Amino acid sequence: QVQLVESGGGLVQPGGSLRLSCAASGSDFSSYTLGWYRQAPGKQRELVAKIFSTGSTYYVGSVKGRFALSRDNAKNTVYLQMNSLKPEDTAVYYCNAYRMVLLTSYDYWGQGTQVTVSS
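Calculation criteria
Residues numbered from 1 in each chain as written. Predicted model: local features only at pLDDT ≥ 70, side-chain atom pairs only at ≥ 80, totals over all residues. Heavy atoms only, no water. Pairing = 2+ DSSP bridges. Helix = DSSP H or I, 4+ residues; strand = E, 2+ residues; numbered from the N terminus. Axes fitted to C-alpha atoms, helices over the stretch in contact; angles between N-to-C directions. Core = buried A, V, L, I, M, F, W, Y, C linked by side-chain atoms within 4.5 Å. Buried < 20%, exposed > 50% of the residue type's maximum accessible area, 1.4 Å probe, protein only. Contact = heavy atoms within 4.5 Å. Salt bridge = Lys/Arg side-chain N within 4 Å of Asp/Glu carboxyl O.

Undergrad: Got a minute to help me understand the sheet that holds strand β3 (residues 18-25) in this structure?
TA: Sheet strands pair via backbone hydrogen bonds, and the direction of the pair is either parallel or antiparallel. Sheet architecture is open: four strands sit in the order β1-β3-β8-β7, paired in antiparallel fashion. With partners counted over all chains shown, the strands left at the sheet margins are β1 (3-7) and β7 (67-72), one partner each. Within the sheet, the average angular offset between the axes of one strand and its neighbour, ignoring direction, is 15 degrees. For β3 and strand β8 (residues 77-82), the ladder comprises six bridges, and the chain directions are antiparallel. Looking across to β8, one finds that Ser 21 is bridged to Tyr 79.

Okay, structure coming up:
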């Protein structure tokens, strides 16, 4: 069982920056693919970025070049550095941990943290 707790959300002006953190409890943190998703009002939850156990990263096109994802396996924490924020980045951001072991998937979510980009 893995528990995820996000922090770092808040209100920021357009062009500003925020860093989200997701702290995980449980074992084998380094074996999980960690992702950040977001859900804006009236919209479906969407993938923002993910980092694999190898350290490779993937970003959706709308955040590429503005957001940076990193993980610290020693601290069981994943970070999302968000720069040049836009109003359309406003959403609840969720942390996800996923892995598959012997055809069994393990999929965990945090409770979410609100990010509001507004002047």
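The structure having been displayed, the exposition proceeds.
Undergrad: I'm lost on the pairing of strand β9 (residues 91-101) in this one. Help?
TA: Side-chain positions along a regular strand alternate between the two faces of the sheet. Bridging between strand β4 (residues 33-39) and β9 involves seven bridges; their strand directions are antiparallel. Directly across from Gly 35, in β9, lies its bridge partner Asn 96. Sheet topology note: the β9/strand β11 (residues 113-117) ladder contains three bridges and is antiparallel. In the strand pairing of β11, Tyr 93 is matched with Thr 113. Two elements, β9 and strand β10 (residues 104-109), share six bridges in a ladder whose sense is antiparallel. Paired with Met 100 across the bridge in β10 is Ser 105.

Undergrad: What am I meant to see in the nonpolar core here?
TA: Nonpolar side chains tend to gather and get buried jointly when the protein is soluble and globular. Formed by 32 residues in total, the largest nonpolar core has its most connected members in Trp 36, Leu 80, Met 82 and Tyr 93. Residue assignment for this core shows that the elements contributing at least two residues are β3, β4, β5 (46-51), β7, β8, β9 and β11. Excluding residues that lie within four positions of it along the chain, Tyr 93 makes contacts with Glu 6, Leu 20, Trp 36, Tyr 37, Arg 38, Val 48, Phe 67, Leu 80, Met 82, Gly 112, Thr 113 and Val 115.

Undergrad: Would you mind going over the environment of Ala 24 with me for this structure?
TA: For Ala 24, the position within the fold is in strand β3. Using a relative accessible area of 13% as the deciding quantity, one classes Ala 24 as buried. When the C-alpha atoms of Ala 24 and Gln 3 are compared, they prove to be 5.5 Å apart, with 21 residues separating the residues in sequence. In contact with Ala 24, not counting residues within four places along its chain, are Val 2, Gln 3, Leu 4, Phe 29 and Asn 76.

Undergrad: So what exactly am I meant to see when it comes to unusual backbone geometry here?
TA: Positive phi values are uncommon outside glycine, yet Asp 28 reaches one of about 60 degrees. The topology assignment puts Asp 28 in the loop between β3 and β4. Of note in this structure, Asn 76 is not a glycine but carries a positive phi near 55 degrees. Looking at where Asn 76 falls in the secondary structure, it is placed in the loop between β7 and β8.

Undergrad: Looking at this structure, how should I read the pattern of salt bridges?
TA: Pairing is possible between side chains that carry opposite charge, provided their charged atoms lie close to one another. One pass over the structure, following the stated rule, counts four salt bridges. Residues Arg 38 and Asp 89 are paired through a salt bridge, measuring 2.9 Å at the closest nitrogen-oxygen approach. Remark: Asp 89 occurs in the loop between β8 and β9 and Arg 38 occurs in strand β4; sequence separation between them is 51 residues. Note on Arg 38: relative accessible area 6%, which makes it buried. One network of salt bridges, in which partners are shared, links Arg 38, Glu 46, Arg 66 and Asp 89.

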